Amino acid sequence: MGQQALILRNRGDLQGALNLHKEEERLFRELGNLHDLSVALNNQALVLSETGDLDGALALYKEKKDICRSLGNLTGLARTLGNEAGIFYNRGNTDRALALLKEEQGVFRKAGD
């Protein structure tokens, strides 16, 4: 489903992509697969960002960060912080964006990347 959603997203069918990512989310929740759930949430957030639903994207990034922390996935956490920073930057909140980027850098250093 994920690859199909990426193809749809690249073709401009954002709603179709979002629907598939939501189906992935449902499936991974049912299976208890937190790692893949975090990927599905991230992909949904990217699509929501493209559609202008920045609050929806931030809500999904928050959940993804929580999952990354629980799994010890520092690289995933850092990338999510960077994605959030992009949203705040685009909203004109450069102070919040810079704070998130500083946090991202610290997490990457901790991860050794």
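Summarised in this report is the structure supplied together with it.

So, about the packing of aromatic side chains. Here the distance between the centres and the angle between the planes together describe a pair of aromatic rings. This structure, assessed with the given rule, holds zero aromatic pairs. The ring of Phe88 carries the charged tip of Arg96 above its face, separated from the ring centre by 5.4 Å.

A few words now on the nonpolar core. Where a protein is soluble and globular, its nonpolar side chains tend to be buried together. Formed by 29 residues in total, the largest nonpolar core has its most connected members in Ala57 and Ile87. Counting residues per element, this core draws most heavily on helix α4 (residues 54-71), which supplies seven residues. The contact partners of Ala57, leaving out residues within four places of it in the chain, are Ala45, Leu48, Ser49 and Ile87.

With that settled, the discussion passes to the packing of α4 against helix α5 (residues 74-90). At their nearest, the axes of α4 and α5 sit 9 Å apart, and the two run at 160° to each other. Taken together, the axis directions place α4 and α5 in an arrangement best described as roughly antiparallel. Relative to α5, the crossing made by α4 is left-handed. Residues Leu54, Ala57, Leu58, Tyr61, Lys62, Lys64, Lys65, Cys68 and Arg69 of α4 touch α5, and the partners they reach there are Gly76, Leu77, Thr80, Leu81, Asn83, Glu84, Ile87 and Phe88.

With that out of the way, let us pick up the pattern of salt bridges. Applying the stated criterion across every chain yields a total of nine salt bridges. Measuring nitrogen to oxygen at the nearest pair gives 2.6 Å for the salt bridge that ties Arg26 to Glu23. With Arg26 and Glu23 both in helix α2 (residues 14-31) and three residues apart, the pair spans about one turn of that helix. The partly exposed category is assigned to Arg26, whose relative accessible area is 40%. Classification of Glu23 as partly exposed rests on a relative accessible area of 31%. In this structure, Glu84 engages Lys65 in a salt bridge whose closest nitrogen and oxygen atoms are separated by 3.0 Å. Of this pair, Glu84 sits in helix α5 while Lys65 sits in helix α4, and the two are 19 residues apart along the sequence. In this structure Lys65 comes out as buried when scored by relative accessible area, which is 12%. Three or more residues are tied together by salt bridges with common partners; here these are Glu23, Arg26 and Glu30.

This next bit is on the side chain of Lys65. Side chain to side chain, Lys65 and Glu84 meet in a polar contact 3.0 Å long. Once residues lying within four places of it in the same chain are set aside, the contact partners of Lys65 are Leu77, Thr80, Leu81 and Glu84.

All right, on to helix α3 (residues 34-51) then. End to end, α3 covers 26 Å across 18 residues, agreeing with the expected 26 Å (1.5 Å per residue, within 8%). Along α3, the residues that are buried comprise Leu37, Ser38, Ala40, Leu41, Asn42, Asn43, Gln44, Ala45, Val47 and Leu48. Of the surrounding elements, those touching the buried residues of α3 are α1 (2-10), α2, α4 and α5. The distance from a side-chain oxygen at the start of α3 to the backbone nitrogen of His35 is 3.4 Å, and the residue carrying that oxygen is Asn33. Just past α3, the residue Gly52 takes up positive phi, approximately 95°.

Calculation notes
Residues numbered from 1 in each chain as written. Predicted model: local features only at pLDDT ≥ 70, side-chain atom pairs only at ≥ 80, totals over all residues. Heavy atoms only, no water. Phe/Tyr/Trp six-rings, centres within 6.5 Å; stacked < 30°, edge-to-face > 60°. Lys NZ or Arg CZ within 6 Å of the ring centre and 35° of its normal. Core = buried A, V, L, I, M, F, W, Y, C linked by side-chain atoms within 4.5 Å. Buried < 20%, exposed > 50% of the residue type's maximum accessible area, 1.4 Å probe, protein only. Helix = DSSP H or I, 4+ residues; strand = E, 2+ residues; numbered from the N terminus. Contact = heavy atoms within 4.5 Å. Axes fitted to C-alpha atoms, helices over the stretch in contact; angles between N-to-C directions. Parallel < 35°, antiparallel > 145°, perpendicular 65-115°, else oblique. Left-handed = near helix turned anticlockwise from the far one by under 90°. Salt bridge = Lys/Arg side-chain N within 4 Å of Asp/Glu carboxyl O. Polar contact = N/O pair within 3.5 Å; in protein donor to acceptor, adjacent residues only side chain to side chain. Expected span 1.5 Å × (residues − 1).

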